[in-house]
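# A structural walkthrough
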Amino acid sequence: MTKTLPRLQRFAANRFSAEGEYGLHLTIGVALLLAAMAVFAQLAGAVVAGAPITQFDADIANWLHLHARQGGLLRDALLLITHIHSTPGILIMAFCAALWLYRSGHRYWTMAVIASVPGGMLLNVALKHTFERARPHFDEPIVTLTTYSFPSGHTMAATVLYGVLACYFARRAQTWPGRVLPFVLAALMIGAVAFSRMYLGAHYLTDILAALTEGCGWLAICISGTATLNRRRRAREQRQSGAASPQDM
């Protein structure tokens, strides 16, 4: 016991160290992943069981569809937003971001983009086929889709794309306003995409909430994972040369 307790104390201290290879950054990433999984599990359980929130889903979907049928500038703008953030649009934006980061010498951020965006989109497809929830149905639909609804692919893809870019720009900001602004802009973009999917009748509210939690959890593990790889490389180079290597993440 006298030997075990100090080891546990050292282990706990290392998990909350801001400098260690497997320190605070990885602990936070795992904690966020577990929290997102817990919220997602609650939402998925409610959808599968037909809980009262699913009736709330239907009420909101019907109310939004009633207003969307009237057309207007708002519907046109949301149609544009949803088309830009389709699968080809997201992949093109992610490719451009990854290419720019790679050419700028930030290879671990490039890995983060590749892991989070295409990887997250594949995860979303797997979850859709796991739950097989039908999309909202209307007599006069604005958009017609044959794929499953839960969770929202557009929202998940926007969450990981704008989320990883927000993390990158916030990491390089020198002031607190500069660190907060990227996340505010990312939240606005993600919110616009999510609302467009509900307004156009493509998704229920719970589809959106599940996609947000799925995206945040996946992004947390991708960011913390690539940061861990980067820290391991730097630590290995320090041990070999005795000097710090340039930080690129």
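Below is a summary of the structure that appears in this document. (Residues numbered from 1 in each chain as written. Predicted model: local features only at pLDDT ≥ 70, side-chain atom pairs only at ≥ 80, totals over all residues. Heavy atoms only, no water.)

A word on the packing of aromatic side chains. Applying the stated rule across the entire model yields eight aromatic pairs. Summarising the aromatic geometry, the rings of F131 and F150 are spaced 5.1 Å apart at their centres and angled 80° between planes, so their arrangement reads as edge-to-face. Of this pair, F131 sits in helix α6 (residues 107–131) while F150 is found in the loop between α6 and α7 (153–172), placing the two residues 19 residues apart along the sequence. Here F131 falls in the partly exposed class, since its relative accessible area comes to 27%. A ring pair is formed by Y168 and F169, whose centres lie 5.1 Å apart and whose planes are at 75°; its orientation type is edge-to-face. Since its relative accessible area comes to 6%, Y168 is described here as buried. Here a set of aromatic residues connected by ring pairs shows up, and it is made of W100, W109, Y168 and F169. Looking at R179, its charged tip hangs above the ring of W176, at a distance of 5.0 Å from the centre. (Phe/Tyr/Trp six-rings, centres within 6.5 Å; stacked < 30°, edge-to-face > 60°. Helix = DSSP H or I, 4+ residues; strand = E, 2+ residues; numbered from the N terminus. Buried < 20%, exposed > 50% of the residue type's maximum accessible area, 1.4 Å probe, protein only. Lys NZ or Arg CZ within 6 Å of the ring centre and 35° of its normal.)

Moving on, we come to the side chain of N124. The topology assignment puts N124 in helix α6. Here N124 falls in the buried class, since its relative accessible area comes to 3%. In this structure N124 touches P151, S152, G153, M156 and E214, once residues within four positions along its chain are discounted. (Contact = heavy atoms within 4.5 Å.)

As a further point, take the side chain of S152. Within the secondary structure, S152 sits in the loop between α6 and α7. Judged by relative accessible area, S152 falls into the buried class, the value being 0%. At a separation of 3.4 Å, a polar atom in the side chain of S152 contacts the side chain of H203. Beyond its immediate stretch of four places on either side in the chain, S152 contacts N124, K128, R197, H203, D207, I208 and A211. (Polar contact = N/O pair within 3.5 Å; in protein donor to acceptor, adjacent residues only side chain to side chain.)

This part covers the pattern of salt bridges. A full pass over the atoms with the stated rule returns three salt bridges. Through salt bridges with shared partners, one network takes in D57, R133 and D207. (Salt bridge = Lys/Arg side-chain N within 4 Å of Asp/Glu carboxyl O.)

What follows covers the nonpolar core. Core analysis: the biggest nonpolar cluster contains 18 residues, and I90, W109, V113, V117, V164 and I223 have the highest contact counts within it. Taken together, the elements giving at least two residues each to this core come down to α5 (87–103), α6, α7 and α9 (205–241). Element by element, the count of residues in this core is highest for α7, at six residues. Setting aside residues no more than four positions away along its own chain, V113 makes contact with A94, A98, L101, P118 and V164. I60, L79, A194 and L205 belong to the second-largest nonpolar core, a separate cluster that totals 13 residues. (Core = buried A, V, L, I, M, F, W, Y, C linked by side-chain atoms within 4.5 Å.)

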